[in-house]
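# Descriptive analysis of the structure
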Amino acid sequence: MLENVSALTPLHFLYLAGVIVILAVMILKKDTPAVCIAFLFLIGAVGLNSLIGGIQVVFNAILYAAVQFMEIIATIALVTALSKCLMEMGSDRILMAPMSKIMKTPEAAWWILGFTMLVFSLFLWPSPSVALVGAIMLPFAVKAGLNPLAAAMAMNLFGHGIALSYDVVIQGAPAISAGAAGIETSAVLEEGKYVFWAMGAATVISAFVLNRKFIAGTRQESLPLFSQNSPSSEGAEKLHNNPGRPGRACVALAVLTPAAFLADIIFMAVLRLNGSQATSIVSGTALLLTCAGAAMGFRRQALEKVTDYVTEGFLFAIRIFAPVIVIGAFFFLGGEGISSIMGEGAPESGIMNDWAVWLACNAPLNKYMAALIQLAVGALTGLDGSGFSGLPLTGALASTFGTAVDASVPVLAALGQISAVFVGGGTIVPWGLVPVAAICSVSPLALARKNLVPVAIGFCAAFLTACFLL
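No experiment lies behind these values; they were computed from the predicted model shown.

Basis of the calculations
- Residues numbered from 1 in each chain as written.
- Predicted model: local features only at pLDDT ≥ 70, side-chain atom pairs only at ≥ 80, totals over all residues.
- Heavy atoms only, no water.
- Helix = DSSP H or I, 4+ residues; strand = E, 2+ residues; numbered from the N terminus.
- Buried < 20%, exposed > 50% of the residue type's maximum accessible area, 1.4 Å probe, protein only.
- Contact = heavy atoms within 4.5 Å.
- Areas by Shrake-Rupley, 256 points an atom, 1.4 Å probe, with all protein chains shown as cover.
- Axes fitted to C-alpha atoms, helices over the stretch in contact; angles between N-to-C directions.
- Parallel < 35°, antiparallel > 145°, perpendicular 65-115°, else oblique.
- Left-handed = near helix turned anticlockwise from the far one by under 90°.
- Nonpolar A, V, L, I, M, F, W, Y, C, P; charged D, E, K, R; others polar.
- Salt bridge = Lys/Arg side-chain N within 4 Å of Asp/Glu carboxyl O.

### Observations regarding the overall build of the protein
Counting its regular elements, the protein contains 23 helices and zero strands. Residues counted as buried form 57% of the 470 residues belonging to the protein. Look at the contacts in the protein between residues 6 or more apart in sequence, and 79% of them connect residues 24 or more apart. When the accessible surface of the protein is totalled, it reaches about 18,900 Å², and 65% of it is carbon and sulfur.

### So, the packing of helix 8 (residues 148-166) against helix 23 (residues 444-469)
Contact geometry of helix 8 with helix 23 gives a least axis separation of 10 Å together with a crossing angle of 55°. Classed by the angle they form, the pair helix 8 and helix 23 counts as oblique. Between helix 8 and helix 23 lies a crossing whose hand is right-handed. Here Leu149, Ala152, Met153, Asn156 and Leu157 of helix 8 lie close against helix 23, whose contacting residues are Ala446, Leu447, Lys450, Asn451 and Val455. When grouped by side-chain class, the residues that make up the contact of helix 8 with helix 23 number seven nonpolar, two polar and one charged.

### Side note on the pattern of salt bridges
Under the counting rule described, the total for this entry stands at three salt bridges. Among the salt bridges present, the one from glutamate 88 reaches lysine 84, with a minimum N-O distance of 2.2 Å. Taken together, the positions of glutamate 88 and lysine 84, both in helix 3 (residues 51-89) and four residues apart, correspond to about one turn of that helix. Exposure class is identical for glutamate 88 and lysine 84. Each is buried.

Here is the structure:
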């Protein structure tokens, strides 16, 4: 059995109050960074018994969050730089031509984009897939009339939702759950497959049905990365429509871009690279393509052009990430990051993990309550924005609950895995949605609100399915 937390301290209750207030502010569609900063200070002052400590925690937490997000920031910046290069040279028009024959309607584009993201994410994981799909296919979908926010929903729910939670190919998530539960990985995938399928089908179907009128946006010729949020959209549009761009360079970059990314996919599959390793390949390729495009298209001005592209890319990424870093700083305190931020004396397992263990040890148990607790615990541990950090806990709980109430351990483990990954992996918490939101040039908060109802419906479907299988 899991040991109950020795005591819930004022720090635990203050943090829980912060979570409730922040979520309430989000629901009211107000900005939350100021609220996060206030609670960072209060938690630091209470936890370290010092006003100076509270001030230090504000900075340390933001610095910690910035370091955690740096990989994503750099990826978004470099893909943005490539997109700007493609647009200025006119290569994006050539790339769009064949795909426009397939993505004829917004509805078709939504499903094609979603299933493409699902396939890529199963083999490469979502982070590099967002960059690949965003750089190659997203412009086609938007040109077909797909609303950029709807495109973000499709990429997010299929990628960071279904693919990352099921993880049937790489098997990273089920391996962690199974290891903590003391069972085989194949058991989680086999016995829990109907729970995964119910969650995935209910989520994407409800997302499509509830947003069908919203899916069709205004047809756009330019890349969504350079909409109103881009600092140089007007200048880029003028250059994009300039008929004097070199024809050969334009065609060469249009051919080289998909060929290079296809080579990346082959290398990742052959070398079994995923996660950060795969992301680094995609991001490095994007930067090298940017340099090659600038050299072919602008020759003597190539050095200045590369500098402009990279600068624009990082300005765009930082503009998107700035509020998210502050929000993430607060929620990283709920997980293992608290020890790095506050130092000695902080809860080692994280504040939200302590609350999850307390809930598991104090709630009345039967098969159905055990399943409900698994959902709740997974969601709580996912609030720190890391879908995998809570899997050891949900896996251990699955073993404990399954033994105590004579229920299926693999099914309980699958249910906890779904909840933790869907919430923390990047479909509900805005600070986990930034990669997709930035690629599609939409607000992470708006995307989180759009995802909330379909994911909640999916949770209900997964819970009911699990109840039949327990």
